[in-house]
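These are the residues of each chain, in order.
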Amino acid sequence: MLTVDLEKCIGCGECEDACSFGAIEVKEDKAVVDLDKCTMCGTCVDTCPEGALELAKQESEASGINPDEWRGVWVTAEYRFGHTAPVTFELLGKGRELANDLSVPLTAVLIGSGVRQHAQELVERGADRVLVVDHPELEQFRDDVFARIVSGLARREKPEIILAGATAMGRSYIPQVATMLETGLTADCTELEVRKEDRSLLQTRPAFGGNLLATIVCPNHRPQMSTVRPHVLKALEPDASRQGEIVEITPTDEELSSRLKIVESVMEKAEGPGLADSDIVVAAGRGMESEKNMALIHELAELLEAGVGASRAVTDAEWLPHRTQIGQTGVTVSPKLYMGFGISGAIQHVVGIQGADMIVAVNKDPEAPIFDLATYGIVGDVKTILPLLIKKIKKERGV
Amino acid sequence: MKIAVCIKQVPDASTVRFDKEKGTLVREGVESVINPFDYNAIEAGLALKDQVGGEVSVLTMGPPQAQDAIREAISLGVDNGIVVSDRAFAGADTLATTYTLAKAINKLGEFDLVICGKQAVDGDTAQVGPGLAVRLGIPCVTCVDELEVLEDGRKLRLKRMCEQGYDIVEVELPALITVLASLNTPRVPSLKGKMRAKKTDIPMLSAEDIGAETSKVGLAGSPTQVATTTVPTFDAKREMLEGEPEEQVDALIGKLKEAGIL
Ligand SMILES: Cc1cc2nc3c(=O)[nH]c(=O)nc-3n(C[C@H](O)[C@H](O)[C@H](O)COP(=O)(O)OP(=O)(O)OC[C@H]3O[C@@H](n4cnc5c(N)ncnc54)[C@H](O)[C@@H]3O)c2cc1C
Ligand SMILES: Nc1ncnc2c1ncn2[C@@H]1O[C@H](COP(=O)(O)O)[C@@H](O)[C@H]1O
C-alpha cells in the first residue's frame, strides 16, 4: 500500500503531478492517496523531494524459493517450419553476455522433431550446453506439451534466468511455463542487464504505449523470465570452433499428452526477407497525404530493393496493409538505412526503428520530433523530394 | 455452451496525453473504455451463443468503476457480468491477475469456453490468457483468427496465426482461447440491450467473496516489480541537409554513396 508520512509531506504537489492515474491529490497541504485509483506503480515515490512516500512492499514470502539454489541462464530456441528463428540467435548473443556477467553457463533448450542436427549451431552462436528434446510427436507446436517440457526441465535444473522470443509462439506458451513455475514473466522486453550485486535481471520494456520505459525486476522468485522482441538484440557471428555439450532428453508420455490436435500447419510467407529483415526500409507517414502517393514509396522501395514500412496513421487509413506498421504495436526493424517520409516521429513509431544504423527523415515541419533522431534530415515536401530522389537514383544507376 | 469472457477496462488511448517534461501521462479527463480486443472476445462469445445456444458471462478485475465496462457488455447482449474488485488487488502483475480471475471463474461455476482478447492495450503483455488457462487446468489456443464449432459441440476447430503462417488446431472443450481483431466485427448495442444494462445490478466480488488468499493477489502476489521508469531518449546525431530541394537531394545521394548504400 502507498503511504504518506504526514510529518515529512510539505504538500508541494510533485507527486500529484507525477501520478499517471490521478490517484494523489494535495488537500490542505498534504498528499492524499485514493487507494481505488492507485496501482502502486511507485513513480511518485522517486519524485518526492522529502522522501515522504513509501510503497510498503509486502515481501512475497509465499514463494518459498531460495534464489541461491537457482543458477544458470537459459534460452528457449524457436524452431518452426524447418528453421531456427533468428530471434533465437539474438537471445543467445545477449544470453552469452548475461551468463558471463553471472559466471554461469548458457544453456539452450531445443524442442522439436529432427532438431538434433541443429544443436551444434546453437553452440556456435554462444551456448555452452544444449538440451535437445527431439521426438516425432514434437513435430507440431502444441502449447501444453512445450510448456510442460520446459517447466519440467526448469524444475529439475533450476536456472536463474529463462529468455524466450516475443514471437507468436513464445508469447503463447512461455506465459504457461511461468504460471506453472509460479514465477514472474516480463513481456516484450527491449533491453536486459544483470545487476551483479544481487544477480537481479533488469528487464526493460516500453510501458504506457511506449511513452515510458519501465525496468522490471523479479526479486524473490526464480527463474526470472522474459520474452524479448525480435530484432532488438544483436546475434553473435557463428564461431565453428566453439565447443559445447549436447544433452539429449527423452520426453515422458505424460509430457507428450495433449488436448490440442494440430490438423495442419501452413507457411504462408514467401521466402525472402520480410520487412523486419530488410536492409533498407522506406516508410510512409500521414504526410504522404493520399493513397495515390504510395506509388512513389513503392517505386523508391523497388529501386533500393527495400522493404515498405508505414506509421499507424497510414495503416489505419489502409493506404498500406497492416503488416507494414512499424513501432510499438507493429514490427521492429533494424535496417542499415531507414527512410521516413511524412512521419512525425511519435514515440510509438520510433521505438520500432531505434536499431537502424542510419535514419533519414523528410518532413515539411522543421520541428517534427523525428528530426531529433535522424542521421540526416530534410525539411521539405515529400511530393517534391521523393520524385527528385527517385529521378536522381535512377540516373546514378543508369536506368 | 457456457462461455465466460474476460474483459479489461483500459484508458482510452485517444484521450491520453503525455507530459514530456515530467515524463508522465496526463490522465485528466481521460476516459476508460473496454480493451479493443475484448470487444472481439465478447462478439465471439455472442456469435457462439447465437449459433449453438447457451449463456455468455463477462468478468473483469478492476476498480469499482469497471462496472461501466460490464454494463456496456450487457448492452451488447451478454447475459450477466461481475466485477471482482478489492483494494488488495492493486498492483497485480499477470501472475496475480490470473490467480484472481481463476478464483472468480471457479466461483461463477463451470464453463465450456473462456475467451480473452489477444492482449490489453495498456500493458500489451498477452500473458493473462495463457496463464489463466494453466490456472484453470484447460488447454489454450492463442491468436485465433477463425473459429468453427465441430458437429458434436464438444470441440472447436480454430485457425491460429503466427509470423510465418497459421495452424489449424482442434481443441476439446473446456478450453480457453485468445482472439484477434480479425476474427469478427463486434456488434453495436441494441436499444433493448441499453435499457437492460441500465437496470441490471452488477455484482461486485471482493477477495474474500471469491476465496482468494491475500498473499496471492495484488502487489503481494506479484513476483515482478517495477524498479524504475524512464522517459526514452535518443542520441541526436542529426545533420540537416539544407538548400533548395535539388541541393538537399544531391546531398542525400552523396551521403548514401559515402555509406556504401548506393
Ligand atoms: C498505444 C499506442 C500504440 C501505437 N502504436 C503505434 C505503432 O506501432 N506504430 C506507429 O507508427 N504508430 C503507433 N501509434 C500512433 C502514433 O502515436 C502516431 O499517431 C502515429 O505514428 C503518427 O503517424 P504519422 O507520423 O504518419 O502521422 P502524423 O503524426 O500525423 O504526422 C504526419 C507528419 O507529416 C508531415 N507532413 C504533412 N504533409 C507533408 C508533406 N506534404 N511533406 C512532408 N511532410 C509532411 C507533418 O509535418 C507531420 O509531421 C500508437 C499510438 C498509441 C496510443
Ligand atoms: N484485469 C483483468 N480483468 C479481466 N480480464 C483481463 C484483465 N487483464 C487482462 N484480461 C484479459 O486478458 C487479455 C490479455 O491481457 P494482457 O495479458 O494484460 O495483455 C485481455 O484482453 C483480457 O481478455
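Residues numbered from 1 in each chain as written. Chains lettered and ligands numbered in written order. Predicted model: local features only at pLDDT ≥ 70, side-chain atom pairs only at ≥ 80, totals over all residues. Heavy atoms only, no water.

### Let's talk about the site of ligand 1
Argument step 1. In the vicinity of ligand 1 lie 28 residues, with Arg286, Ser311, Thr329, Ser344 and Gln348 of chain A positioned nearest.
Argument step 2. Two or more chains meet at ligand 1, and those chains are chains A and B.
Argument step 3. Between an oxygen atom of ligand 1 and a main-chain N or O atom of Gln328 of chain A, the distance comes to 3.1 Å.
Argument step 4. Between Gln348 of chain A and ligand 1, the recorded distance is 2.7 Å, taken from a side-chain N or O atom to an oxygen atom.
Argument step 5. Taking 980 Å² as the accessible area of ligand 1 by itself, protein coverage stands at 82%.
Argument step 6. Tallied by class, residues from the shell around ligand 1 come to six nonpolar, 15 polar and seven charged. (Near = heavy atom within 4 Å. Polar contact = N/O pair within 3.5 Å; in protein donor to acceptor, adjacent residues only side chain to side chain. Areas by Shrake-Rupley, 256 points an atom, 1.4 Å probe, with all protein chains shown as cover. Nonpolar A, V, L, I, M, F, W, Y, C, P; charged D, E, K, R; others polar.)

### Looking at the sheet that holds strand β12 (residues 191-195) of chain A
Argument step 1. Reading across from one edge, β12(A)-β13(A)-β14(A)-β14(B) is the order of the four strands in this open sheet, with antiparallel pairing throughout. The open sheet is flanked by β12 of chain A together with β14 (225-230) of chain B, the only strands paired with a single partner. Strand-to-strand twist across the sheet, computed as the mean angle between neighbouring axes with direction ignored, equals 30 degrees.
Argument step 2. With five bridges joining them, strand β14 (residues 212-217) of chain A and β14 of chain B adopt antiparallel strand pairing. (Pairing = 2+ DSSP bridges. Helix = DSSP H or I, 4+ residues; strand = E, 2+ residues; numbered from the N terminus. Axes fitted to C-alpha atoms, helices over the stretch in contact; angles between N-to-C directions.)

### Quick look at the domain arrangement of chain A
Argument step 1. Here the domain parsing of chain A yields domain 1 (2-55), domain 2 (67-256) and domain 3 (275-397).
Argument step 2. Placing a centre on the C-alpha atoms of domain 1 of chain A and another on those of domain 2 of chain A gives a separation of 39 Å. (Domains from an automatic or database assignment.)

### Quick notes on the sheet that holds strand β5 (residues 73-76) of chain A
Residue and element names in this part refer to chain A.
Argument step 1. Here we have seven strands laid out as an open sheet, ordered β11-β15-β10-β5-β8-β9-β16, and parallel in their pairing. In this open sheet, the two edge strands, each paired with only one partner strand, are β11 (185-189) and β16 (245-248). Strand-to-strand twist across the sheet, computed as the mean angle between neighbouring axes with direction ignored, equals 20 degrees.
Argument step 2. Looking at chain direction, β11 and strand β15 (residues 224-228) are connected through three bridges and run parallel. Bridge pairing in β15 links Thr186 to Ser226.
Argument step 3. Packing of helix α3 (residues 86-102) onto the sheet brings it into contact with β5, β8 (106-112), β10 (161-165) and β15, and relative to β5 it is tilted by some 175 degrees. (Contact = heavy atoms within 4.5 Å.)

### Concerning the pairing of strand β19 (residues 307-310) of chain A
Residue and element names in this part refer to chain A.
Argument step 1. The two faces of β19 match: Gly307 and Gly309 on one face and Val308 and Ala310 on the other face are all buried.
Argument step 2. With four bridges joining them, strand β18 (residues 280-284) and β19 adopt parallel strand pairing. If you follow Val281 over to β19, its bridge partner there is Gly307.
Argument step 3. In this fold, the crossover linking β18 to β19 by way of helix α8 (residues 294-304) has right-handed handedness. (Buried < 20%, exposed > 50% of the residue type's maximum accessible area, 1.4 Å probe, protein only. Right-handed = clockwise from strand over helix to strand, strands pointing away.)

### Digging into the state of the cysteines
Residue and element names in this part refer to chain A.
Argument step 1. Taken as a whole, this structure holds zero disulfides over all chains when the rule is applied.
Argument step 2. This cysteine, Cys15, is not joined by any disulfide, and Cys12 carries the nearest cysteine sulfur, 6.2 Å off.
Argument step 3. By relative accessible area, Cys15 is classed as buried at 8%.
Argument step 4. No disulfide involves Cys48; its sulfur sits 6.1 Å from that of Cys12, the nearest cysteine. (Disulfide = S-S within 2.5 Å.)

### Some points on the site of ligand 2
Residue and element names in this part refer to chain B.
Argument step 1. Around ligand 2 sit 17 residues, and of these Cys6, Asp38, Ala120, Thr125 and Ala126 come closest.
Argument step 2. Between ligand 2 and the protein, one listed contact pairs a nitrogen atom with a backbone N or O atom of Met61 at 2.9 Å.
Argument step 3. Only β6 (55-61) and β8 (113-117) provide two or more residues apiece to the shell around ligand 2.
Argument step 4. Among the elements that take part in the shell around ligand 2, β6 stands out by supplying three residues, more than any other.
Argument step 5. Of the residues assigned to the shell around ligand 2, the class counts are nine nonpolar, six polar and two charged.

### A word on the interface of chain A and chain B
Argument step 1. Taken residue by residue, the interface counts 90 residues in chain A and 78 residues in chain B.
Argument step 2. Where chain A abuts chain B, roughly 7900 Å² becomes buried across the two surfaces, and 58% of that area is made up of carbon and sulfur atoms.
Argument step 3. For the pair chain A and chain B, the number of links is six salt bridges.
Argument step 4. Ionic pairing is found between Arg80 of chain A and Asp167 of chain B, a salt bridge with its closest N-O pair at 3.0 Å.
Argument step 5. The residue makeup of the side of chain A that touches chain B, split by class, is 48 nonpolar, 23 polar and 19 charged.
Argument step 6. Looking at chain direction, strand β17 (residues 260-267) of chain A and strand β11 (residues 165-172) of chain B are connected through seven bridges and run antiparallel. (Buried area = accessible area lost by both parts, 1.4 Å probe. Salt bridge = Lys/Arg side-chain N within 4 Å of Asp/Glu carboxyl O.)

### Description of the side chain of Ser222 of chain B
All names here are of chain B.
Argument step 1. Tracing the backbone shows Ser222 in the loop between β13 (204-205) and β14.
Argument step 2. Among the polar contacts made by the side chain of Ser222, one reaches the main-chain carbonyl oxygen of Gly91 at a distance of 3.3 Å.
Argument step 3. Non-local contacts of Ser222, meaning those with residues more than four positions away in its chain, are made with Gly91, Ala92, Asp93 and Ala96.

### Observations concerning helix α6 (residues 245-258) of chain B
Argument step 1. Relative to the 20 Å expected for 14 residues at 1.5 Å per residue, α6 of chain B spans 20 Å between its end C-alpha atoms, a close match to the ideal helical length.
Argument step 2. Along α6 of chain B, the residues classified as buried are Gln248, Val249, Leu252, Ile253, Lys255 and Leu256 of chain B. Looking straight down α6 of chain B, one finds that the buried residues subtend no more than 160 degrees of arc, so they occupy a single side.
Argument step 3. Buried positions along α6 of chain B lie against β20 (337-341), β21 (358-363), β22 (376-379) and α11 (382-397) of chain A together with β15 (239-240) of chain B.
Argument step 4. Positioned one or two residues after α6 of chain B, Gly260 of chain B has a phi angle of 75 degrees, which is positive. (Expected span 1.5 Å × (residues − 1). Arc of directions from axis to C-beta.)

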